[in-house]
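# Observations on the model geometry
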Amino acid sequence: MSLFQAREWWSTKAGEGEEFDQGSMCVANIDNEPGGNNKIIVGSYGGILRMYNPKQREYRVEDLILEKNFGIPILQVAAGRFVSGSKEVVLALLHPHKLAVFMVSAVSSGGAVNYYTVVPAYEHHLVRPAYNMCYGPFGQNNGKDYICVQSLDGVLSFFEQDSFAFNRQLPSNFLIPGPLCYFAKTDTFLTCNSQMQIEAYRYSVLAAAQDNVDQDAAASVTSGKKVQVDWTTNIGEHARYIEVTRFGRSLTSHQEEILVIGEQTLFCLKEKGSIRTQKRIGEYVVTAALTYPVPPAPTDSAQFHNLLIGTQSGHLMVFRDVQLAWCARLQHAPVQIAVAGVAGVQGMITSLDDRGRIVISYLGTDPPSASLINTEMKELNYDEMETEHQQLLRVIRQTHGEGRQKPPEELHIKVEVPPVVEFGAEDEDCDENVGKVDGAIVQSSVRVQLQLAGAAFVENVTVTVDAPACFSYAVSKTHFNRIDQGQLASFGITFRVLTTLLCASLDVTMIVSYFHNDEPRCATALFSLPLALVARVVQPVKNAQYKIALDCSYVPQSLGSLFQDLLSQPMNQALGMQSSANILSIQYISGTDATIIVSKSAGRISVQSSEFAAMWLLSQELCQRLQDQAAGGESDEEPFYIQYQDSLPLHDYFALMDDHFALRKHIEEVRSDLGDRAQQYRAVQKRLLLRFKDRNPAPLNHLDVILTHTYEQIMHLADAIEDAQRGLQAVSCHLSAATELVLLLIRYRFDLDEQNFVILRRHLSSRIVDSADQGWEEQVDSALIHLLRTCLARNLRDRTTMPPPMKMPSDTMKLKKHITNVIDRLANGARLTQVQEADYAGAEGGEDAFSGGEDEEDDQ
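Predicted, not measured: the structure shown is a model, and the values here were computed from it. (Residues numbered from 1 in each chain as written. Predicted model: local features only at pLDDT ≥ 70, side-chain atom pairs only at ≥ 80, totals over all residues. Heavy atoms only, no water.)

### Looking at the overall build of the protein
Across its full length, the protein carries 14 helices and 44 strands. Expressed as a percentage of its 860 residues, the buried residues of the protein come to 45%. Summing over all exposed atoms, the protein offers an accessible surface of approximately 44,200 Å²; the carbon and sulfur share of this is 49%. (Helix = DSSP H or I, 4+ residues; strand = E, 2+ residues; numbered from the N terminus. Buried < 20%, exposed > 50% of the residue type's maximum accessible area, 1.4 Å probe, protein only. Areas by Shrake-Rupley, 256 points an atom, 1.4 Å probe, with all protein chains shown as cover.)

Below you can see the structure in the form of structure tokens.
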């Protein structure tokens, strides 16, 4: 936020309930007054034209010199030499289906102006709805201005004053119209297409080209000159403003450049389109922009321009050669800005917002309103100053201690999860891969209640549910228009389990977003679904391929009491009666089994399974239930602890990581092949089209066979991508569960507290979101490199190295090495909550300790 305010000199409101946008205002000597006083011309979407002539600091009613209702929206106003045989400035108004030019004159009597009139000079009816226009001496016709109107479908209509010239359709892929600008030096028109490219078209090429508007495509292919683009430049974002100016201070006296303001960046292009400089302005939302000339310095050979930008936050920023020279605060967000002389004062800033507020302001500071006081003549009271200082310190401490205050209104979320699962029948929306027991669908119906407190009402309440990929639920979003205080808004969500995916978590996040007094708010709720929804008890399975063992200070007397909720389910009651006290086997809905075996004599609990990732959910449930039971007072002989003494199963974890990465590489290769086949298909189509349109067609030479074969390849590759993506989703669930299992074992292996474990879990994330540009491997690798160069850095050199760019690696070797490095440093005593430089830098011994500078070189 700027410390400076733009000083308001004159302001008024143009109408009530009308809308304005870019192009709705211009400042010019529109009545050609000999004295040269500029008038402010404003046209609204309501069709009302107003002209103002400010003469003093405050607004007076006589400042409004003209008001006329045209009955149709005014899209843009412009002042120029649009009348043939006259060099006077006239007014051009762009309507949706009409371009009208008016002459403005003052009617006076006795030497005083009585009123102003607008006299129609000519008008052009437009076949297509207009979007914007630009004007200038097209074709190097100095002394007169022609007009070019751009329609909503990308057709340029050229008018040489009172006569229509021609129409041309731009050849680029057109979706929505962009800004339009005329470059007089090169006689070209500049615009931005839907592919985020700045395009330049010469006026001579457009005039000489064949009429391509509403023409048959076959005729345009075979005869006549085509509309050719002069040059294109890809800026990577949509352009909002284009202007020809002398912005850079390094330009020579005969050079000009093109200034483009995009959504995030300010570009300066050379006359041939190459980018000279660019500046990131992403923190500002630009609503208006303008370049204005500045008085030349004694050493300058020509006049340069500054850039004036208005933002949505009401800031007015002045840029001098991509450097911010000044920033001031307006009381509104402008949609158009003009810099011109007003009432004899040069350099006044005229701004217009979308509701019609017109403000004339200047940059600077006001003189002090009161006389200065000589403090040296006044005796200072140090006791009062110290008392005031202590009071301010207490206020600061109290504010920091309380933190951010909660809003007075609060939306309470109550989630009711039934402990017993249900059995439902199939419906139309049911997925064919949902889990079933004896032909009935296993499901859990969760009831959600929303209740408001502390406010009369809230509006636009949207409930969003984020559940693991293994769950299927019909509605992910629920909307309420309004919830009043005391009202109970409730709805239900039915969760089912997919048989194709391994369940990696039972946690569900619910986010409720709403508006109170037009301010956005949100509330969250976390709840867990029952284990019985994703698993059922089976006969004990004693042999398994993967196994982990946990040492506990407290071993339960019976697994039946620890998993009573699971054994009491209707589908498990028979097996629950037969279950042993020291062994419990479950089978997930996906088909994988997992088993818990308790050794009471050794104080050890083992979890085993036929798949590595399947041990996670049962291990997490086991540890959580043991901790809850110990906290409940059943074990008060000694402090409860869980330890993992064996080596970490990184080999099995890395195997899943390799499977996930191999699928990503396979999908990338298939997508590349699909792109090649699609390009080949388009090329064959074009050749066949030319053959069919030719009057004397040549033989096809088996082009039709190639087209059919290419189409079959495209369909085959598309099916292959779908199959690979389904496989990637399944492997991602296994990798997510395996990551959680490794994190759990690291916690109990190195006795990490809650704070250190949370930090590690955020960096070695189990949330896997793969896209075409970025995947899990790159994200985790960058996060672990950050750990190794900050809180786990062994020396100053590690902290000063630059991080590598985030891109898809060629293999997973570096990721595996970084995971191993993090584990080794945790084994050597390092912790994530404090920076340790020398405590373990030279540590020798310890499990899996490493030495040397090889890791630092690999990290780079």
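### Brief notes about the sheet that holds strand S8 (residues 98-109)
One open sheet accounts for 4 strands, arranged S6-S7-S8-S9; its pairing is antiparallel. Of all the strands in the sheet, the pair left with one neighbour each is strand S6 (76-80) and strand S9 (112-125). Here the strands of the sheet are splayed against their neighbours by 25° on average, with no regard to which way each runs. As defined by bridge partners, S8 adjoins S9 across 12 bridges and the pair is classed as antiparallel. (Pairing = 2+ DSSP bridges. Axes fitted to C-alpha atoms, helices over the stretch in contact; angles between N-to-C directions.)

### Here's the deal with the packing of aromatic side chains
By the definition in use, this model includes 23 aromatic pairs. Centroid distance Tyr 473 to Phe 495: 5.4 Å. Interplanar angle 50°. Geometry classified as tilted. Placement of Tyr 473 in the loop between strand S34 (471-472) and strand S35 (477-484) and of Phe 495 in strand S36 (residues 488-497) is noted, with a sequence separation of 22 residues between them. Members of the aromatic cluster, joined through ring pairs, are Phe 138, Tyr 146, Phe 158, Phe 166, Tyr 182, Phe 189 and Tyr 203. Positioned over the ring face of Phe 70 is Lys 68, at 5.6 Å from the centre of the ring. (Phe/Tyr/Trp six-rings, centres within 6.5 Å; stacked < 30°, edge-to-face > 60°. Lys NZ or Arg CZ within 6 Å of the ring centre and 35° of its normal.)

### Here's the deal with the confidence of the model for the protein
Confidence in the prediction for the protein averages 85 pLDDT; 89% of positions are at 70 or higher. Here helix H14 (residues 854-859) stands out as the least confident element of the protein, with mean pLDDT 43; strand S7 (residues 90-95) is the most confident, with 95. Below pLDDT 50 for its whole length, residues 368-373 participates in 0 contacts with residues either more than four positions away or in separate chains. pLDDT under 50 marks residues 835-860. Its contacts with residues more than four places away, or in other chains, come to 53 contacts. (pLDDT = per-residue confidence, 0-100. Contact = heavy atoms within 4.5 Å.)

### Examining the packing of helix H8 (residues 650-693) against helix H9 (residues 703-750)
Viewed as axis vectors pointing N to C, H8 and H9 meet at an angle of 160°, and their least axial separation amounts to 8 Å. The orientation of H8 relative to H9 falls into the category roughly antiparallel. Where H8 crosses over H9, the two elements pack in a sense that is left-handed. (Parallel < 35°, antiparallel > 145°, perpendicular 65-115°, else oblique. Left-handed = near helix turned anticlockwise from the far one by under 90°.)

### A short note on a negative patch on the surface
Residues Asp 383, Glu 384, Glu 386 and Glu 388 make up a contiguous surface patch of negative charge. If you trace the backbone, Asp 383 turns up in helix H3 (residues 382-402). (Patch = residues over 30% accessible without salt bridge, like charges linked within 9 Å, V, L, I, M, F, W, Y side chains within 5 Å. Salt bridge = Lys/Arg side-chain N within 4 Å of Asp/Glu carboxyl O. Lys, Arg positive; Asp, Glu negative; His and termini not counted. Charge placed at Lys NZ, Arg CZ, Asp CG, Glu CD.)

### Regarding unusual backbone geometry
The residue Val 322 is not glycine, and still its phi comes out positive at about 60°. Mapped onto the fold, Val 322 is located in the loop between strand S24 (315-320) and strand S25 (323-329). Phi angles above zero are rare outside glycine, and Asp 518 is one such case at about 65°. Tracing the backbone shows Asp 518 in the loop between strand S37 (507-516) and strand S38 (519-528).

### Observations concerning the side chain of His 332
Considering the arrangement of structural elements, one finds His 332 in the loop between S25 and strand S26 (334-342). Side-chain polar atoms of His 332 contact the side chain of Ser 351, separated by 3.1 Å. Setting aside its immediate chain neighbours within four residues, His 332 contacts Gly 314, Ser 351, Leu 352, Asp 353, Arg 357 and Val 359. (Polar contact = N/O pair within 3.5 Å; in protein donor to acceptor, adjacent residues only side chain to side chain.)

### Points about the nonpolar core
Leu 450, Phe 471, Phe 495, Val 534, Phe 563 and Tyr 653 are the most contacted members of the largest nonpolar core, which totals 114 residues. Counting residues per element, this core draws most heavily on H9, which supplies 13 residues. The next biggest cluster of nonpolar side chains, apart from the first, holds 27 residues, and it includes Ile 261, Phe 319, Cys 327 and Ile 337. (Core = buried A, V, L, I, M, F, W, Y, C linked by side-chain atoms within 4.5 Å.)

### Re helix H11 (residues 776-788)
With 13 residues, H11 extends 18 Å from end C-alpha to end C-alpha; this agrees with the ideal 18 Å at 1.5 Å per step. Within H11, 10 of the 13 residues are buried, which leaves the element mostly enclosed by the surrounding structure. Taken as a whole, H11 has its buried residues at Trp 776, Glu 777, Glu 778, Val 780, Asp 781, Ala 783, Leu 784, Ile 785, Leu 787 and Leu 788. (Expected span 1.5 Å × (residues − 1).)

### Thoughts on the pattern of salt bridges
Side chains carrying opposite charge are able to pair once their charged atoms draw close together. Using the criterion set out here, one finds 25 salt bridges in the structure. Its salt-bridge partner being Glu 416, residue Lys 414 comes within 3.8 Å of it at the nearest N-O pair. Assessed through its relative accessible area of 46%, Lys 414 is described here as partly exposed. If you follow the salt bridges from partner to partner, you end up with Glu 18, Arg 50 and Glu 67 in one network.

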